[in-house]
Amino acid sequence: MQLAKSLQAIKPSYIREILSVANSADVISLAGGLPDGDHFPLALMEQSILQLSSRAELFQYGNTAGYAPLLAYFHECYQLSDAQDALVCTGSQQGLDLIARAFLDAGDKVVMEAPSYLGALQVFGLAQASIESIQQREDGPDLQELEQCFANKTIKMFYAVPDFHNPTGVCWSLDVRKKVAQLCQQYNVALIEDAPYRELRFSGTELPLVSSFCPEHAIVLRSYSKIATPGIRLGLASGPKAWISALERVKQGADLHSSQPMQAVLLDLLQHADFPKHLDGLRQLYRQRYQYLADLLTAQLPANCQFESVEGGMFIWLSLPVGCHVDRLAKDMLEVGVAVVPSSVFYQSAEGTKPAFRLNFTNACDSDLALAVSRLVQVLASVK
Ligand code: PMP
């Protein structure tokens with residue numbers, strides 16, 4: 001059967017390809033975006049999981065919007081106003097897909113920072129949206145470029161990851177947050193604020209959601225993959241009632257609803273007395289892993305390779321000299337036993353691509369991080 005034209009245009013995910021090789025025993029992988037499986041809060045979920053067999057009602061068909069007690073918890077916990085609603089999604093990735101299907105026609109313009117989250121590039125590619133890339137600076141998108149783009153083109157939405165961006169780890173400053181919110185209001189652009197790493201801040205001060213400055217123009221996507229586990233596949237979309245209701249209509253045709261037993265388990269976990277302690281432990285672990293990797297890189301990197309420090313999330317962005325062939329270097333690295341993701345996969349087009357690697361620090365122990373850096377540095381020594 002012939003593939004749909006929209007799919008023909010999508011490249012297979014290089015990350016998936018790399019991950020399949022990276023799983024071999026002699027390769028240390030800093031390529032995936034995986035939370036540490038040894039620190040999943042399974043002990044806190046155990047009672048709840050054991051009790052599921054006595055809760056037959058959870059195994060019946062349920063509401064598309066989500067399991068009512070979980071939704072009530074989210075309304076309170078995220079202080080949603082009367083003008084807002086929420087929809088439980090099968091991972092925040094589904095939220096993104098529902099948004100594209102509900103609001104984008106082929107050719108509609110979507111603004112993203114460059115580089116961008118690969119899963120968002122895929123969703124918007126499948127929707128045949130036209131992507132407008134805005135350069136990312138140390139504290140968020142280039143505001144001048146963003147305003148020019150909003151002023152001169154008809155932009156439908158701005159997709160952003162303001163807290164500990166994937167792949168760069170960048171966290172937007174307060175000023176940038178306020179300015180972006182103001183621009184979205186001024187130019188009537190919907191902000192899609194994707195916040196899967198927001199709870200993974202391990203230093204610095206928490207900043208308000210960008211959407212808190214323009215709630216009537218924004219949808220927030222949250223994920224429970226990093227603070228609970230990815231395998232439960234649960235996320236949340238919240239925003240203006242009419243927009244969430246549109247997403248719910250699309251979700252009816254997508255999967256009817258997300259798993260109710262897992263929603264019930266998630267609610268018990270989020271309300272567990274020891275959940276805050278679990279989160280603190282996770283942040284501490286990731287801070288220590290990050291610092292360990294950052295110290296190794298600072299000590300061993302050649303002078304022409306650099307990285308910016310991060311205050312949370314799961315990634316370090318290692319910048320290489322202009323002109324480097326990152327795909328070839330990533331393959332050389334695989335050969336010496338370390339997997340990383342080259343920057344080329346995070347850009348919409350080759351134009352404007354900056355050579356870099358994304359390094360994940362949350363899923364390797366200290367000894368693996370040390371070995372990975374020694375292998376990385378061995379290959380980087382050849383970089384001019
Ligand atoms: N958005 C971003 C920026 C991500 O990095 C990811 C996955 N790592 C997702 C969304 C998807 O997360 P989920 O597991 O909730 O679908």
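Computed from a prediction, not measured in an experiment: that's the story for all the values here.

What counts, and where the lines are drawn
Every chain is numbered on its own, with residues counted from 1 as its sequence reads. In view of the model being predicted, local features appear only for residues whose pLDDT reaches at least 70, and side-chain atom pairs are presented and counted only at 80 or more, with totals across whole chains, interfaces and linings using the full set of residues. By the convention used here, strands pair only if DSSP detects at least 2 bridges between them. In this description a helix means any DSSP run of H or I spanning at least four residues, a strand means any run of E spanning at least two, and both kinds are numbered starting from the N terminus. Any residue whose C-beta atom, as placed from the backbone, lies within 6 Å of a molecule or strand is termed near it. Gly is put with the polar residues, along with every residue not named as nonpolar or charged; the nonpolar set is Ala, Val, Leu, Ile, Met, Phe, Trp, Tyr, Cys and Pro, and the charged set is Asp, Glu, Lys and Arg. Neighbour density around each residue's C-beta defines its exposure: 20 or more other C-beta atoms within 10 Å make it buried, 12 or fewer make it exposed, and counts between make it partly exposed, where C-beta atoms are placed from the backbone. Convention adopted: a line fitted to C-alpha atoms gives each axis, helices being fitted over their contacting stretch, and angles between N-to-C directions are expressed from 0 to 180 degrees. Our angle categories are set so that under 35 degrees counts as roughly parallel, over 145 as roughly antiparallel, 65 to 115 as roughly perpendicular, and the remainder as oblique. Handedness of a crossing follows from how the near helix is turned relative to the far one, being left-handed for an anticlockwise turn of less than a right angle and right-handed for a clockwise one. Contacts here follow a simple rule: the backbone-placed C-beta atoms of the two residues must lie within 7 Å. Residue count minus one, scaled by 1.5 Å, sets the expected span of a helix. The directions from the helix axis to the C-beta atoms are what the arc is built from. Each domain span listed reflects an automatic or database assignment of domains.

Peer 1: With reference to specific residues and values, describe the sheet that holds strand 11 (residues 315–319).
Peer 2: One open sheet accounts for four strands, arranged 10-11-14-13; its pairing is antiparallel. Edge positions in the open sheet fall to strand 10 (306–307) and strand 13 (341–342), since each of these has one partner strand only.

Peer 1: Quick rundown of the site of the ligand? Include the residues and the values.
Peer 2: The environment of the ligand is formed by 14 residues, the closest being Gly91, Ser92, Gln93, Ser223 and Ser225. Partitioning the shell around the ligand into residue classes produces four nonpolar, nine polar and one charged.

Peer 1: Go over the pairing of strand 9 (residues 235–240), please, and point to the residues and values.
Peer 2: The buried count for strand 9 comes to five of six residues, which makes it a mostly enclosed element. By the bridge criterion, four bridges tie strand 8 (residues 218–223) to strand 9 in an arrangement that is antiparallel. The residue of strand 9 that forms the bridge with Arg222 is Leu236.

Peer 1: I'd love a proper account of the packing of helix 5 (residues 92–103) against helix 6 (residues 118–126), names of residues and values included.
Peer 2: Packing of helix 5 against helix 6 leaves a shortest axis separation of 9 Å and a crossing angle of 25°. It follows from the interaxial angle that helix 5 and helix 6 lie roughly parallel. For helix 5 against helix 6, the interelement crossing comes out right-handed. Touching Gln93, Leu96, Asp97 and Ala100 of helix 5 are Gly119, Ala120, Val123 and Phe124, all from helix 6. Taken together, the residues of the contact of helix 5 with helix 6 break down into five nonpolar, two polar and one charged.

Peer 1: Please give an account of the environment of Leu318 that cites residues and values.
Peer 2: Secondary-structure assignment places Leu318 in strand 11. Along the chain, Leu318 and Ser343 lie 25 residues apart, while their C-alpha atoms are 9.3 Å from each other. Apart from residues no more than four positions distant in its own chain, Leu318 is found in contact with Cys305, Phe307, Ala356, Phe357 and Leu359.

Peer 1: Outline helix 13 (residues 366–380), supporting the account with residue identities and numerical values.
Peer 2: Across its 15 residues, helix 13 extends 21 Å between first and last C-alpha, which sits within 8% of the 21 Å expected from 1.5 Å per residue. For helix 13, the set of buried residues is Leu369, Ala372, Val373, Arg375, Leu376 and Leu380. For helix 13, the buried positions fall inside an angular range of 165° around the axis, keeping them on one side. In this fold, the buried residues of helix 13 make contact with strand 1 (28–29), helix 11 (275–300), helix 12 (326–335) and strand 12 (338–339).

Peer 1: Explain the domain arrangement of the protein to me, and be specific about the residues and the numbers.
Peer 2: Domain annotation of the protein identifies domain 1 (5–41 + 276–380) and domain 2 (60–270). The centre of domain 1, based on its C-alpha atoms, is set 24 Å off from the matching centre of domain 2. Tallying the contact residues gives 32 residues for domain 1 and 32 residues for domain 2. Among the elements of the structure, helix 1 (5–8), helix 11 and strand 11 are those that each provide at least two residues to the side of domain 1 that touches domain 2. With five residues, the single largest contributor to the side of domain 1 that touches domain 2 is helix 11. Of the residues contributing to the side of domain 1 that touches domain 2, the split by class is 19 nonpolar, eight polar and five charged.

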